[in-house]
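# Chain and residue survey
Each chain, letter by letter, is given below.
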Amino acid sequence: MNNADIIIEGPNIAHGAESATDHHGHEHHEQHFVWKYIFSQDHKIISKQFLFTGIIWAIIGSLFSVFFRLQLGFPDSTFPIMEKFLGDWAKGGKLSPEFYYALVTMHGTILVFFVLTAGLSGTFANLLIPFQVGARDMASPFMNMLSYWFFFAASVLMFTSLFVETGPASGGWTTYPPLSALKEASLGSGVGMDLWLLSMALFVVSSLLGGLNYIVTVLNMRTKGMTMTRLPLTVWALFFTATLGVLSFPVLFSGLVLLIFDRNFGTSFYLSEIFIGGRALPHIGGSAILYQHLFWFLGHPEVYIIMLPGMGMASEVLATNARKPIFGYFAMIISLIGITLLAFLVWAHHMFVTGMSPFLGSIFVLLTLLIAVPSAVKVFNWITTIWRANIRFTPGMLFALGFVSLFISGGLTGIFLGNSALDIHLHDTYFVVAHFHIVMGVSAFFGMFAGIYHWFPKMFGRFMNNSLGYIHFFITFAGAYLIFWPMHYEGIAGMPRRYYDYSAWESFKHFQGINAFISIVAMIVFFTQLLFVMNFIVSIFRGRKMTSLNPWGSTTLEWTTPIHPGHGNWVGEIPEVYRWPYDYKDDGHGNDFIQQTTPLRPGEESH
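To start, this report covers the structure provided alongside it. (Residues numbered from 1 in each chain as written. Predicted model: local features only at pLDDT ≥ 70, side-chain atom pairs only at ≥ 80, totals over all residues. Heavy atoms only, no water.)

### Quick notes on the overall build of the protein chain
For the protein chain, the count of helices and strands is 18 helices and two strands. Its C-alpha radius of gyration of 25 Å places the protein chain within 12% of the 25 Å reference for a compact globule of 607 residues. Here the C-alpha coordinates of the protein chain stretch approximately 80 × 60 × 50 Å along the principal axes. In the protein chain, buried positions account for 59% of the 607 residues. Within the protein chain, contacts between residues at least 6 apart in sequence are counted, and of these 77% link residues at least 24 apart. Taken as a whole, the protein chain presents about 23,900 Å² of accessible surface, with 68% of it coming from carbon and sulfur. Counting 30 positive and 33 negative side-chain charges, the protein chain places the averaged centre of each group 7 Å from the other. (Helix = DSSP H or I, 4+ residues; strand = E, 2+ residues; numbered from the N terminus. Rg over C-alpha atoms; globule rule 2.2 N^0.38 Å. Buried < 20%, exposed > 50% of the residue type's maximum accessible area, 1.4 Å probe, protein only. Contact = heavy atoms within 4.5 Å. Areas by Shrake-Rupley, 256 points an atom, 1.4 Å probe, with all protein chains shown as cover. Lys, Arg positive; Asp, Glu negative; His and termini not counted. Charge placed at Lys NZ, Arg CZ, Asp CG, Glu CD.)

Now the structure itself:
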């Protein structure tokens, strides 16, 4: 039976499925490589496209951090290799101050948006939602394909900005005006900033196309018996991630459009009473604070757009490898709902130092601390799930445990920043850098790595090398704490972020040894990620072959499809679901799990 046959058989046929025969009636029609793998409408292929693009961007974004860490760790040294990579921006092997800020800007933009938003959600929402809800494909495979290609177009524009004469955008990844709104403000406010804004606009379109598709697929494409309360927590997390994106990304889009108007059409949405070289510019009536409100109304939900997929995948991987049902399934869903709602009510805690009313600030302090409650519920349930469990320490499980560890430690430092009185001292210091890198950056990467190691067999029919996976985990886990934990102490001492050279500051030059140590560890961790990439690529072709449909002994639907599922996922009818997704118990036949497709036994009640 060919792939097209699989599409047309059974219920829940995906829109856009093509007939098993072409217009001339020839059976077993083989799609051309371009339509099968490049302009594919198969959710599994699109998932891989997002993953490969995300990996490329992760290497580029991480390499940028290595370059500016060399400057921070060794400000008086020169590194000729940087001139080979960066040309005139690193003449004599030393970064120029202008390009240093551009690297910081592009590092943040690439990793936050292009890797941890598009790369993470695009990969796993595409891979897992149709598989786990029991659908042939996404609700709109064509719109799904467009989502990737808008992301690809955004990637091309952003990559192009690295090669313009004045350099890429250099206003920080938040691109606050007036620096970003005035082309003459700096080199990085020129053509590079225009390309940044256009790229981000295309990125938002991609996110909206994908998010709407994910939501509709979860609500409308579930197989028979798959009620909402039988959905795996991964699907719940990806569903709320898409909801956050659909509601918040349009606000960022409006903010970017107004910024484009200020830069190119003489408007004054964000500008007022600006002087350059003693000359007054004709901008009156705007407010740079307005941009901050628009940006952070997306910016804080963005934290959870990045975190929620990791939460869902960690829940799945922990339960599978603990051989226990997830503890508090309904509490986990309610906590996801709480996080989603509160994510829209805390954006101004990024703005305590903008002259905000202290009374209004106290409201945002309360809401910020309140969002810790559903997060704490999830942590409690994860810990209880693994308590006294028969744990299998696969690489995926180790990264899921690392996710929980980093989420706890990074979240605790957020309590300090959520307090407006403390934030006045800590704002824009290395304490902030340490906090959000641990809780939003590294822990999200750990959730992504857990997902890649766990579902790699589903994607490619082979396993990644376990030994390299263990090396990857332990160096990355230790490195994450060695890099970012010392930054908390620098931040408490008041050391500001984004500065090019601290050696001339009497207050901070005694941190030079710590900065050098952080830079050395950062380089070690970067090369460890290249080891992961090597493991990933080699395993696609040379990894141990998958011989069982369900190698992890999982209960969810994706492990009922063929080892190499065609476009349509299941041969014949889509399986019916009878039970919840975490039945890890004796099935009476020597197994310690019961799949969702197994009918209830006489006298057995559904969960």
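That shown, we press on.
### As for the pattern of salt bridges
Inspection of the entire model under this criterion finds eight salt bridges. Taking the shortest distance from any N to any O, the salt bridge between aspartate 194 and arginine 263 comes out at 2.9 Å. Here aspartate 194 is found in helix H8 (residues 191-220), whereas its partner arginine 263 is found in helix H9 (residues 233-264), with 69 residues between them in sequence. Arginine 263 carries the same exposure label as aspartate 194, and that label is buried. Sharing partners across several salt bridges, the network here consists of Lys183, Asp194 and Arg263. (Salt bridge = Lys/Arg side-chain N within 4 Å of Asp/Glu carboxyl O.)

### Considerations on the side chain of aspartate 262
Residue position: aspartate 262 is located in helix H9. One buried charge, aspartate 262, has no salt-bridge partner; the nearest side chain with opposite charge is arginine 263, at 9.6 Å. At a separation of 3.3 Å, a polar atom in the side chain of aspartate 262 contacts the main-chain amide nitrogen of serine 268. Here the side chain of aspartate 262 touches phenylalanine 269 through a polar contact of 2.9 Å, landing on its backbone nitrogen. Each residue touching aspartate 262, except ones within four places of it in the same chain, is listed here: Ala181, Thr267, Ser268, Phe269, Tyr270 and Leu271. (Polar contact = N/O pair within 3.5 Å; in protein donor to acceptor, adjacent residues only side chain to side chain.)

### Thoughts on the environment of asparagine 126
Here asparagine 126 shows up in helix H6 (residues 118-133). Here the alpha-carbon distance between asparagine 126 and isoleucine 46, two residues 80 residues apart in the chain, equals 6.9 Å. Ignoring sequence-local partners within four residues, the contact set of asparagine 126 consists of His43, Ile46, Ser47, Phe50, Ser121, Met138, Asn144 and Tyr214. At 2.5 Å, the side chain of asparagine 126 forms a polar contact with the side chain of asparagine 144.

### A word on the packing of helix H10 (residues 288-322) against helix H16 (residues 430-460)
Each pair of packed helices gets described by two things: the angle between the helix axes and the distance between those axes. Remark: H10 packs on H16, axes separated minimally by 8 Å, with the N-to-C direction vectors making an angle of 45°. Classified by the angle between their axes, H10 and H16 sit oblique to one another. In terms of crossing hand, the pair formed by H10 and H16 is left-handed. When H10 is examined against H16, the residues Val303, Ile306, Met307, Gly310, Met313, Glu316, Val317, Thr320 and Asn321 are found in contact with a partner set consisting of Val439, Met440, Ser443, Ala444, Gly447, Met448, Ala450, Gly451, His454 and Trp455. (Axes fitted to C-alpha atoms, helices over the stretch in contact; angles between N-to-C directions. Parallel < 35°, antiparallel > 145°, perpendicular 65-115°, else oblique. Left-handed = near helix turned anticlockwise from the far one by under 90°.)

### Here we look at the environment of isoleucine 45
As for its placement among the helices and strands, isoleucine 45 is situated in helix H3 (residues 43-73). Here isoleucine 45 falls in the buried class, since its relative accessible area comes to 13%. Residues in contact with isoleucine 45, not counting those within four places in the same chain, are Lys36, Tyr37 and Ser40.

### Section: empty space enclosed by the protein
Applying the stated criterion across every chain, the model contains four cavities of 30 Å³ or more. Approximately 1,000 Å³ is the volume attributed to the largest cavity. Ser65, His107, Leu111, His437 and Phe484 are the residues nearest the centre of the largest cavity, which is lined by 49 residues in total. Secondary structure elements with two or more residues in the lining of the largest cavity: H3, helix H5 (97-115), H6, H16, helix H17 (466-492) and helix H18 (512-542). (1 Å grid on protein atoms, 1.4 Å probe; cavity = no way out; pocket = protein on both sides within 12 Å on 5 of 7 lines; lining within 4 Å. Points joined across faces, edges and corners; volume = space filled by probe spheres on them.)

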